[in-house]
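A closer look at the structure
In case you want the letters, here they are:
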Amino acid sequence: LINKLMGSNRPLKLIDYKKYNKPQWQNQYGLNISNVQIAKDLLNLGFDNKKSYTAHYPEIPNELDRYFIRGIFEGDGCLSLCHKKKSAQFNISGTEILCKQLQEKVNKLNINSRVLKTRTIWQLIICGNNNILRILNWIYASYPNLRLERKFNLYKTLVIFKKSKFNIKPDNEALNEAIKITET
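Computed from a predicted model, the values in this text were never measured in an experiment.

Looking only at helices and strands, the protein features eight helices and six strands. Going through the 184 residues of the protein one by one, you find that 30% of them count as buried. Residue pairs in contact within the protein that sit at least 24 positions apart in sequence constitute 52% of those at least 6 positions apart. Surface summary for the protein: the accessible area is close to 13100 Å², and the carbon and sulfur share equals 53%.

On to a nonpolar patch on the surface, then. A cluster of nonpolar side chains, contributed by Leu64, Tyr67, Tyr143 and Leu146, occupies part of the molecular surface with about 420 Å² of accessible area. Mapped onto the elements of the fold, tyrosine 67 is located in helix H4 (residues 65-76).

Inspection of every chain in the model, using the stated rule, returns three salt bridges. One salt bridge in this structure joins lysine 105 and aspartate 65, with 3.2 Å as the shortest N-O distance. You can see lysine 105 sitting in helix H5 (residues 96-107) and its partner aspartate 65 sitting in helix H4, a full 40 residues away along the chain. Across the salt bridge formed by glutamate 149 and arginine 147, the nearest N and O atoms sit 2.8 Å from each other.

Ranked by internal contacts, the top residues of the largest apolar core, which has 28 residues, are Phe90, Ile135 and Leu136. Elements represented by at least two residues in this core include exactly H4, strand E4 (87-94), H5, strand E6 (121-127), helix H6 (129-139) and helix H7 (149-163). The greatest single-element share of this core, amounting to six residues, is contributed by H6. Among all residues touching leucine 136, those that are not within four sequence positions of it are Phe73, Leu79, Phe90, Tyr155 and Leu158.

Packing of H4 against H5 leaves a shortest axis separation of 12 Å and a crossing angle of 135 degrees. By the angle class used here, H4 and H5 are oblique. Regarding H4 and H5, the two cross each other, and that crossing is left-handed. The segment H4 lies against H5, with Asp65, Ile69 and Ile72 engaging Leu98, Leu102 and Lys105. Tallied by class, the residues present in the contact of H4 with H5 amount to four nonpolar, no polar and two charged.

Looking now at H7. For H7, built from 15 residues, the straight-helix expectation of 21 Å at 1.5 Å per residue is met to within 8% by its first-to-last C-alpha distance of 21 Å. Of the positions making up H7, those classed as buried are Lys151, Phe152, Tyr155, Lys156, Thr157, Leu158, Ile160 and Phe161.

The topology assignment puts lysine 156 in helix H7. Polar contacts involving the side chain of lysine 156 include one to the side chain of asparagine 153, which spans 3.1 Å.

Next up on the list: the sheet that holds strand E3 (residues 77-82). With respect to topology, four strands assemble into an open sheet ordered E3-E4-E6-E5, the strand pairing being antiparallel. Looking at which strands have only one partner, the edges of the open sheet turn out to be E3 and strand E5 (114-118). Strand-to-strand twist of the sheet, defined as the mean angle between neighbouring strand axes without regard to direction, takes the value 30 degrees. Here E3 pairs with E4 via six bridges, running antiparallel. The residue bridging serine 80 from the neighbouring strand is glutamine 89, located in E4. Against the sheet, H4 touches E3 and E4, its axis set at about 95 degrees to E4. Sheet strands in contact with H6 are E3, E4 and E6, and its direction is about 55 degrees off that of E4.

The rules behind the values
Residues numbered from 1 in each chain as written. Predicted model: local features only at pLDDT ≥ 70, side-chain atom pairs only at ≥ 80, totals over all residues. Heavy atoms only, no water. Helix = DSSP H or I, 4+ residues; strand = E, 2+ residues; numbered from the N terminus. Buried < 20%, exposed > 50% of the residue type's maximum accessible area, 1.4 Å probe, protein only. Contact = heavy atoms within 4.5 Å. Areas by Shrake-Rupley, 256 points an atom, 1.4 Å probe, with all protein chains shown as cover. Patch = residues over 30% accessible without salt bridge, like charges linked within 9 Å, V, L, I, M, F, W, Y side chains within 5 Å. Salt bridge = Lys/Arg side-chain N within 4 Å of Asp/Glu carboxyl O. Core = buried A, V, L, I, M, F, W, Y, C linked by side-chain atoms within 4.5 Å. Axes fitted to C-alpha atoms, helices over the stretch in contact; angles between N-to-C directions. Parallel < 35°, antiparallel > 145°, perpendicular 65-115°, else oblique. Left-handed = near helix turned anticlockwise from the far one by under 90°. Nonpolar A, V, L, I, M, F, W, Y, C, P; charged D, E, K, R; others polar. Expected span 1.5 Å × (residues − 1). Polar contact = N/O pair within 3.5 Å; in protein donor to acceptor, adjacent residues only side chain to side chain. Pairing = 2+ DSSP bridges.

Spelled out as structure tokens, the structure:
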């Protein structure tokens, strides 16, 4: 679709994760766009080619916070489920300033969080199933069709695990069935 919209005939590049021994990951397709004018336009719109070092929370109306945070979570975030400990962890990686600004936003929602640096990476970390469900319920509360399915499925899995008090095994057919039920 992007190729068609841009009038391009560049081939899509398949990233086959099975080659990297990551069978649980879904394959991706990439499109490389190399155009000086597009790069200049993006820079003029405020995009930064050093995002990893300079990213910060933009000045946006508060009603857009959930969408911005959802985008960051789906791009640079992770939801880890630990069946053995019956717990989960939500994190977003970014610059120190971005993580601290995100922390201010989630604190206003009465969600406990912390900002930590591991090696060279800063992370906003939210622990506790109730805190995590609060942030996920909030970011996924609207525009249900505009989301990254892989991350949304983790959210649904956490909801199901919590309801079952983590008594459903992650590979159990009942879990797959429960996920299908929540999709309807």
